[in-house]
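# Commentary on secondary and tertiary structure
The primary structure of each chain is shown beneath.
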Amino acid sequence: MRAIDMGILVCPECHQLNRHEKDCDGQQLCIRCGARVHARHPNSLRRTWALLLAAAILYIPANLLPIMTVRSLGKGEPDTIMSGVIALVHMGSLPVALVVFVASILVPTFKLVGIALLLLSVQRHQPLSARQRILMFRFIEWIGRWSMLDIFVIAILVAVVNFGTLAKVEPNLGAVAFASVVILTMLAALTFDPRLIWDNTESDDDHE
Amino acid sequence: MHDSSRSHDLRELPLDKLVACHECDLLMLKPELAPGERAECPRCGFELFSNQPRMLGRSLALVIAALLLYVPANFLPILQLRLLGQTTEDTVWSAVVALYASGLQGIAGVVFLCSMGIPLLKLLCQLVVLLTIYWDAGRAYGLLLYRIYHHLREWGMLEVYFMGILVSIVKLVSLADLAVGAGLACFICLLLIQVWLEITMSPHQVWEALSRGRTHASH
């Protein structure tokens, strides 16, 4: 039995139960905290798609443009995300290279594909089970912020490697694209309403 | 956990005897929890709420400790780098300033918000919310600020920043002489206290306390 079937709306912010009032459709406020309550986030799928597409477009410059340049004695080569990982491998710090690779390449890619799969499977009733979908959603939601790692590393390096002509780190435009991808995919995960995952499996559950 | 399929029973119960899972919308009887217990949704496993003993006092102590650590964590040097007699220092704040000066103001803004601005706002919201409960005054502000807190939650990234510090250390070790500063210890303490606080300050209990004695919280 879902709350929506009983005409009960769950407040998205304080989780207070509210009886659905028919006359003020779309404008109902939570009796406890005053937040707007809906049975499901309005236009959840459409908004998530929009944010996801924007992220996918920015994903290209984020990976192709350099994110920072390390200059020592006037010479220096711009680093893309991938070349930064390869540099770490050459330095012999494999575990750290792995962490950066996972956070900056694997996770953003996984998030783009994962959210798209979630949306498709909710829209088309595809064979992912609700359990698989909710686990994927939680994982995407939890891991999203970790992609910001590379941006923080750039910030720290820019501040601390600052010896004039001797050695210097400069941030580049790729960092802007990359940060935008991370923020957009986090927003996409936030706008996605996880209750939709269970909605189109409800009939299956009832027959169990 | 209670049987959720007895829909006829559920239909006759008042709202305050029921609870719905926030993540999958399953409606069920509200379980009574003893101190220290937690309840999970039987269908999707989402934590419905937990009952923390002495929530108010412990949370207040943790918030105040975190606020005291905030300034040294952000303004004391985290890393020091020496190269041919020159020394540079990095604090969380100087990283923001350096990014801003290098021309990427947008990124400087994002880093400032995720590592300094939002963590501070979160702590201040938590402090005021706890104080309104403690003093039993200004509940309307408490409700509003606690709602704001929930929107900010995702965007404070102290633990990610900490991982960033570790990665930077590895990248810098081969480049020059590296020393860690007192700021790092404060930063780690701030991070740990914040995680502890998030566990202690159980949202369900805070909302209950904020709404006690109020029948209607409309604007």
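Residues numbered from 1 in each chain as written. Chains lettered and ligands numbered in written order. Predicted model: local features only at pLDDT ≥ 70, side-chain atom pairs only at ≥ 80, totals over all residues. Heavy atoms only, no water.

## Overview of the overall build of chain A
Rules: By definition, any uninterrupted DSSP run of H or I lasting at least four residues is a helix, any uninterrupted run of E lasting at least two residues is a strand, and each is numbered from the N terminus. What the globule rule says is 2.2 Å times the number of residues to the power 0.38, and the radius of gyration is computed from C-alpha atoms. Relative accessible area decides the class of each residue, using a 1.4 Å probe on protein chains only: under 20% of the type maximum gives buried, over 50% gives exposed, and in between gives partly exposed. Should any heavy atoms of two residues lie within 4.5 Å, those residues are counted as being in contact. Note on areas: these come from Shrake-Rupley sampling with a 1.4 Å probe, and a residue is covered only by the protein chains present in the view. Within this scheme the basic residues Lys and Arg register as positive and the acidic residues Asp and Glu register as negative, but His and the chain ends are omitted. Working definition for charges: the position is that of NZ of Lys, CZ of Arg, CG of Asp or CD of Glu.
A tally of helices and strands in chain A yields 8 helices and 5 strands. Order of helices (α) and strands (β) in chain A, N terminus to C terminus: β-β-α-β-β-α-α-α-α-β-α-α-α. Against the 2.2 N^0.38 benchmark of 17 Å for 208 residues, chain A shows a C-alpha radius of gyration of 22 Å, more extended than a compact globule. Overall, the C-alpha framework of chain A stretches about 70 × 35 × 25 Å when taken along its three principal axes. Within chain A, buried positions represent 50% of all 208 residues. The contacts of chain A with a sequence gap of at least 6 include a subset with a gap of at least 24, amounting to 63%. Of the accessible surface of chain A, which amounts to about 9300 Å², a share of 65% is contributed by carbon and sulfur atoms. Across chain A, the mean location of the 18 positive side-chain charges is 5 Å away from that of the 17 negative side-chain charges.

## Comments concerning the interface of chain A and chain B
Quoted interface sizes are often the accessible area lost when the parts come together. The condition is simple: A quick way to say it: buried area is the sum, across both parts, of accessible area lost when two parts are put together, with a 1.4 Å probe. Criterion for a salt bridge: a side-chain nitrogen of Lys or Arg within 4 Å of a carboxyl oxygen of Asp or Glu. Under the rule applied, a polar contact is a pair of N or O atoms within 3.5 Å (in protein, one hydrogen donor and one hydrogen acceptor; residues adjacent in sequence only if both atoms are side-chain atoms). In the scheme used here, Gly and all other residues not listed as nonpolar or charged are polar, with Ala, Val, Leu, Ile, Met, Phe, Trp, Tyr, Cys and Pro taken as nonpolar and Asp, Glu, Lys and Arg as charged.
Contact residues are listed per partner, giving 67 residues for chain A and 65 residues for chain B. Summed over both sides, the interface of chain A with chain B buries roughly 6200 Å², with 70% coming from carbon and sulfur. Inspection of the chain A/chain B interface yields 4 salt bridges. Salt-bridge contacts for Glu159 of chain B lead to Arg145 of chain A; the nearest nitrogen and oxygen are separated by 2.6 Å. For the pair chain A and chain B, the interface holds 11 residue pairs in polar contact (both at pLDDT 80 or more). In terms of residues, the side of chain A that touches chain B owes the most to one element, helix α5 (residues 149-160) of chain A, which gives 10 residues. Its residues placed into classes, the side of chain A that touches chain B shows 48 nonpolar, 7 polar and 12 charged.

## Comments concerning the environment of Asn172 of chain A
Looking at the element boundaries, Asn172 of chain A is found in the loop between β5 (167-171) and α6 (174-191). When near neighbours in sequence (up to four residues on either side) are disregarded, Asn172 of chain A contacts Pro66, Ile67, Met68, Thr69 and Pro78 of chain A together with Leu104 of chain B. At 2.6 Å, the side chain of Asn172 of chain A and the side chain of Thr69 of chain A are in polar contact.

## Regarding the confidence of the model for chain A
We apply this condition: pLDDT measures how confident the predictor is about each residue, on a scale from 0 to 100.
Residues with a pLDDT of 70 or more make up 92% of chain A, whose mean pLDDT is 84. The secondary structure element of chain A with the lowest average pLDDT is helix α8 (residues 202-206) of chain A, at 47, and the one with the highest is helix α1 (residues 44-64) of chain A, at 93.

## Section: the confidence of the model for chain B
Residues and elements named next belong to chain B. Model confidence for chain B is summarised by a mean pLDDT of 86, while 93% of its residues fall at 70 or above. Overall, residues 1-5 carries pLDDT values under 50, and its contacts beyond four positions in sequence, including any with other chains, amount to 11 contacts. Overall, residues 215-219 carries pLDDT values under 50, and its contacts beyond four positions in sequence, including any with other chains, amount to 7 contacts. This complex was scored by the predictor with a pTM of 0.86 and an ipTM of 0.86.

## Regarding unusual backbone geometry
In terms of backbone geometry, most residues other than glycine have negative phi values and most peptide bonds are trans. If you check the backbone angles, Asn43 of chain A has positive phi at about 55 degrees while not being a glycine. Tracing the sequence through the fold places Asn43 of chain A in the loop between β2 (17-19) and α1. The phi dihedral of Asp25 of chain B is positive, around 70 degrees, even though this residue is not glycine. Examined against the element boundaries, Asp25 of chain B turns out to sit in the loop between β1 (18-20) and β2 (27-29).

## Here we look at the side chain of Gln28 of chain A
Residues and elements named next belong to chain A. Take Gln28: it is sitting in the loop between β2 and α1. Assessed through its relative accessible area of 4%, Gln28 is described here as buried. The residues contacting Gln28, other than those within four sequence positions of it, are Leu9, Asn18, Arg19, His20, Glu21, Ala35, Arg36 and Val37.

## Some thoughts on the pattern of salt bridges
Inspection of the entire model under this criterion finds 10 salt bridges over all chains. Between Arg32 of chain A and Glu208 of chain B there is a salt bridge, with its nearest N and O atoms 3.6 Å apart. Residue Arg32 of chain A is found in the loop between β2 and α1, and its partner Glu208 of chain B is found in helix α8 (residues 203-211); the two belong to separate chains. With a relative accessible area of 9%, Arg32 of chain A lands in the buried category. Within this structure, Arg38, Glu40 and Glu47 of chain B form a network of salt bridges that share partners.

## Let's talk about the packing of α1 of chain A against α6 of chain A
All names here are of chain A. We apply this condition: In this description, a line fitted to the C-alpha atoms serves as the axis of each element, helices being fitted only across the stretch in contact, and the angle between N-to-C directions of two axes falls anywhere from 0 to 180 degrees. Here is the rule for angles: anything less than 35 degrees is roughly parallel, anything more than 145 is roughly antiparallel, 65 through 115 is roughly perpendicular, and the remaining ranges are oblique. Handedness of a crossing is defined here by the sense of rotation of the near helix relative to the far one, left-handed for an anticlockwise turn of less than a right angle and right-handed for a clockwise turn.
Contact pair α1 / α6: the axes reach a minimum separation of 8 Å and the direction vectors enclose 160 degrees. In terms of their interaxial angle, α1 and α6 are classed as roughly antiparallel. Every pair of crossing elements has a handedness; the one defined by α1 and α6 is left-handed. Between α1 and α6, the residues in contact are Ser44, Arg47, Thr48, Leu51, Leu52, Ala54, Ala55, Leu58, Tyr59, Pro61 and Ala62 and Gly174, Ala177, Phe178, Ser180, Val181, Leu184, Thr185, Leu187, Ala188 and Thr191, respectively. A class-by-class count of the residues in the contact of α1 with α6 yields 14 nonpolar, 6 polar and 1 charged.

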